[in-house]
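Working through the structure, step by step
The residues making up each chain are set out below.
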Amino acid sequence: MRKGASVVVTAAAVLMAVFLIDRLTPVEGQSQVTGIAAIPSEKGGQDIFGAYDVATWPKPLTSIQGHGAWTWGAGQSVYAETPNRVFVLQRGELPVLKRPQQPIRLPQIGPSVEFPMFRLPLRDATTASPPGAMFGPDGKTPGDDLDAGMPGVDWRWEHIITVFDAQGNMIEDWSQWDKMFRRPHAIYISPYDAEKNVWIVDDYRHAIFKFTHDGKKLLQTIGEPNVPGTDEKHFNRPTFMAWLPDGTFYVADGYANTRVVKFDKTGKYLTTWGQRGTSAPGKPETRPGFMNNVHGVAVDPQTRRVFVNDRGNGRVQVFDENGKFLDEWSFGQRGIADIHMFIITSDRFLWAADRGTSKLLKYSLDGKFLYSWGVWGDFPGAFWGVHGMSVDQEGNVYTAAVDSGGAQKFTPRKGANAAFLLGRQVNPGWGTN
């Protein structure tokens, strides 16, 4: 008994010594410190922009003759065909604003209230940019957007579709189509289209337009422009698109309708699914297949699953290719998280743009949260209302933001942890994954 007790006491003493030595060892002496830095060997810093550096891209509108007093309007979407041909979709131009040297007091709002506040942006591009009301006073004819301000003073409806090279030079301006659009929402090239035709969704016109690769010809219009509806020939404020490898595509329809519409590769209607939910403040819809604000869609080409952003209920719903419900997960507390859109990259992860937290979020395709990065603001590299994102063949990431306006480019940092980088976008038909 005494010998056994002695062994126990000795073992306890050894364990206590090890514990104390570990607790008292200086930080400098720790040889196996783990962390989550994008570049583990880097000293200092805080990964403000995740695993990326911010590029000076694109060149400002002020560099273009006749646009010295103008800047980007609400940035709706961006699509990188290659590093040297990147499409940017925006809602016109806004006047350049200079920050007042002294804040302006606003006693009509309340005591000690002034504008602008330190570091806060001067203007929200999405509220300053056209369009105004969808329809005129008769409720039928399209609005004239004069309720959004005076053209030439408050905004200019120019540079709706532009294309930039890797250095940020504007190499194409599809100005011939400017007047066609009212609220262009997203721009794409199908990853499976060898002809690389360009698709643009306009939610105010309730239509999708397909153009030739060079933008010289309109090839197809799906939906009846300016006429909302719920049947197989109409949309009601569609938002985003996604393709399967056989050319089948899906349309998120959308702000007013609450459904996903499936078409074959020629644009022939196939099927639709989704019902309007009963979402209310603090009580989001939870029933499968019921949605509010269908504001994004993506597909996994390997399993042909369709991921739908049920934005009004703060969740993604997952369906098979014909609309059978399979899975769902939440993006976080509703009222804080507010997912604008998401993409599925070629390495089969889902990256979501959260307007609520101003971060890009990485998930596995079964809904496990893996990583996030981003910081709020309107300075270079900051996020405010990211509404579109794309990744080119070199791993550069592009974002378009409705609130801060315009588009940005992020380049991978040397030595960055690959798990923190967005995978390339899916483009097996005409590019390198």
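Scroll up to find the structure this text is about.
Residues numbered from 1 in each chain as written. Predicted model: local features only at pLDDT ≥ 70, side-chain atom pairs only at ≥ 80, totals over all residues. Heavy atoms only, no water.

**As for the overall build of the protein chain**
Using the following cut-off: In DSSP terms, a helix is any run of H or I states spanning at least four residues, a strand is any run of E spanning at least two, and both are numbered starting from the N terminus. Only protein chains enter the accessibility calculation, which uses a 1.4 Å probe. A residue is then buried if its area is under 20% of the maximum for its type, exposed if over 50%, and partly exposed in between. Should any heavy atoms of two residues lie within 4.5 Å, those residues are counted as being in contact. Here the Shrake-Rupley method, with its probe set to 1.4 Å, supplies the accessible areas, and only the displayed protein chains count as covering residues. Here the positive residues are Lys and Arg and the negative ones are Asp and Glu; neither His nor the chain ends is included. We put the charge of a Lys on NZ, of an Arg on CZ, of an Asp on CG and of a Glu on CD.
Looking only at helices and strands, the protein chain has 2 helices and 28 strands in total. Each principal axis of the C-alpha atoms in the protein chain carries an extent, and together these give about 100 × 60 × 45 Å. Going through the 433 residues of the protein chain one by one, you find that 51% of them count as buried. Long-range pairs, those at least 24 residues apart, make up 51% of the contacts in the protein chain between residues at least 6 apart in sequence. Total accessible area on the protein chain stands at roughly 21,000 Å², and carbon and sulfur atoms take up 55% of it. In the protein chain, 46 positive and 45 negative side-chain charges are present, and the distance between their average locations comes to 5 Å.

**Notes on the side chain of Gln-76**
When you line up the elements, Gln-76 lands in strand β2 (residues 70-82). Discounting chain neighbours no more than four positions away, the residues touching Gln-76 are Leu-89, Gln-90, Arg-91, Pro-184, His-185, His-387, Gly-388, Ala-400 and Val-402.

**Some thoughts on the nonpolar core**
The line we're drawing: Residues belong to a common nonpolar core when they are buried Ala, Val, Leu, Ile, Met, Phe, Trp, Tyr or Cys residues joined through side-chain atoms within 4.5 Å.
Counting residues in each nonpolar core, the largest one holds 48 residues, and the members touching the most others are Met-241 and Trp-373. Leu-94, Ile-161, Met-180 and Trp-430 belong to the second-largest nonpolar core, a separate cluster that totals 24 residues.

**Some points on the packing of aromatic side chains**
Defined as follows: Here a pair means two rings of Phe, Tyr or Trp (six-membered ring of Trp) with centres within 6.5 Å. Their orientation is stacked below 30 degrees between planes, edge-to-face above 60, and tilted elsewhere. Only Lys NZ and Arg CZ are tested; either one counts as a charge over a ring when it is within 6 Å of the ring centre and within 35 degrees of the ring normal.
Within this structure, the stated rule accounts for 29 aromatic pairs. Ring geometry for Trp-177 versus Phe-211: centroids 4.9 Å apart, planes at 55 degrees, classification tilted. Of the two residues, Trp-177 is situated in the loop between β7 (170-173) and β8 (184-189) and Phe-211 in strand β10 (residues 207-211); the sequence distance between them amounts to 34 residues. Here Trp-177 matches Phe-211 in class, with each residue buried. Clustering of aromatic rings is evident, with ring pairs tying together Tyr-188, Trp-199, Phe-235, Trp-243, Phe-249, Phe-263 and Tyr-269. The residue whose ring lies beneath Arg-287 is Phe-290, and the NZ or CZ to ring-centre distance is 3.7 Å. Cation over ring: Lys-362 sits above Phe-349, and NZ or CZ is 4.2 Å from the ring centre.

**Observations regarding the pairing of strand β23 (residues 350-354)**
For clarity, the threshold we go by: By definition, two strands form a pair when at least two bridges between them are found by DSSP.
Counting buried residues in β23 gives 5 out of 5 residues, a clear majority hidden from the surface. Judged by which residues are buried, β23 turns out to be covered on both faces: Leu-350, Ala-352 and Asp-354 on one side and Trp-351 and Ala-353 on the other are all buried. Strand direction decides the pairing type here: strand β22 (residues 339-344) and β23, joined by 5 bridges, are antiparallel. By the bridge assignment for β23, Ile-339 is matched with Asp-354. The turn joining β22 and β23, which pair antiparallel and follow one another in sequence, is formed by 5 residues; a positive phi near 65 degrees is taken by Arg-348. Turn length for the β23-strand β24 (residues 359-363) hairpin, with the two strands adjacent in sequence and antiparallel, is 4 residues, and the turn residue Ser-358 shows positive phi of about 60 degrees.

**Quick notes on the environment of Thr-345**
What counts is decided by this rule: Here a polar contact means two N or O atoms within 3.5 Å. Within protein one must be a hydrogen donor candidate and the other an acceptor candidate, and residues neighboring in sequence count only if both atoms are side-chain atoms.
Looking at where Thr-345 falls in the secondary structure, it is placed in the loop between β22 and β23. Judged by its relative accessible area of 2%, Thr-345 is buried. Between the alpha carbons of Thr-345 and Val-426 there is a distance of 6.0 Å; along the sequence they are 81 residues apart. Polar side-chain contacts of Thr-345 include one of 2.5 Å to the side chain of Asp-347.

**So, the pairing of strand β26 (residues 386-391)**
Counting buried positions along β26 gives 6 out of 6 residues, so the element sits mostly inside the fold. For β26 and strand β27 (residues 397-401), the ladder comprises 5 bridges, and the chain directions are antiparallel. Within β27, the position partnered with Val-386 by the bridge is Ala-401. The turn linking β26 back onto β27 is made up of 5 residues, and Gly-395 within it adopts a positive phi angle of 90 degrees.

**Considering a nonpolar patch on the surface**
The criterion, for reference: Patch membership requires more than 30% relative accessible area and the absence of a salt bridge. Residues of like charge join within 9 Å; the nonpolar side chains Val, Leu, Ile, Met, Phe, Trp and Tyr join within 5 Å. We define a salt bridge as a side-chain nitrogen of Lys or Arg found within 4 Å of a carboxyl oxygen belonging to Asp or Glu.
A cluster of nonpolar side chains, namely Met-117, Leu-120 and Trp-376, defines an oily patch on the protein surface of about 280 Å² accessible area. Judged by its relative accessible area of 31%, Leu-120 falls in the partly exposed class.

**Structural notes on the pattern of salt bridges**
Two side chains that carry opposite charge are able to pair once their charged atoms sit near each other. Evaluation of the coordinates by the stated rule reveals 23 salt bridges. Notably, a salt bridge pairs Asp-338 with Arg-311, separated by 2.8 Å at the nearest N-O pair. Placement of Asp-338 in the loop between β21 (325-330) and β22 and of Arg-311 in the loop between β19 (305-310) and β20 (315-319) is noted, with a sequence separation of 27 residues between them. The class for Asp-338 is buried, based on a relative accessible area of 17%. Each of Glu-81, Arg-85, Glu-172 and Lys-196 takes part in one network of salt bridges that share partners.

**Some words on unusual backbone geometry**
Of note, the bond from Phe-115 into Pro-116 is cis; its omega dihedral lies within 30 degrees of zero at -5 degrees. Structurally, Pro-116 is set in the loop between β5 (114-115) and α2 (125-128). Cis rather than trans, the peptide bond between Pro-130 and Pro-131 has omega equal to 10 degrees. For Pro-131, the location among the structural elements is in the loop between α2 and β6 (161-164). Phi is positive for His-206, close to 60 degrees, though the residue is something other than glycine.

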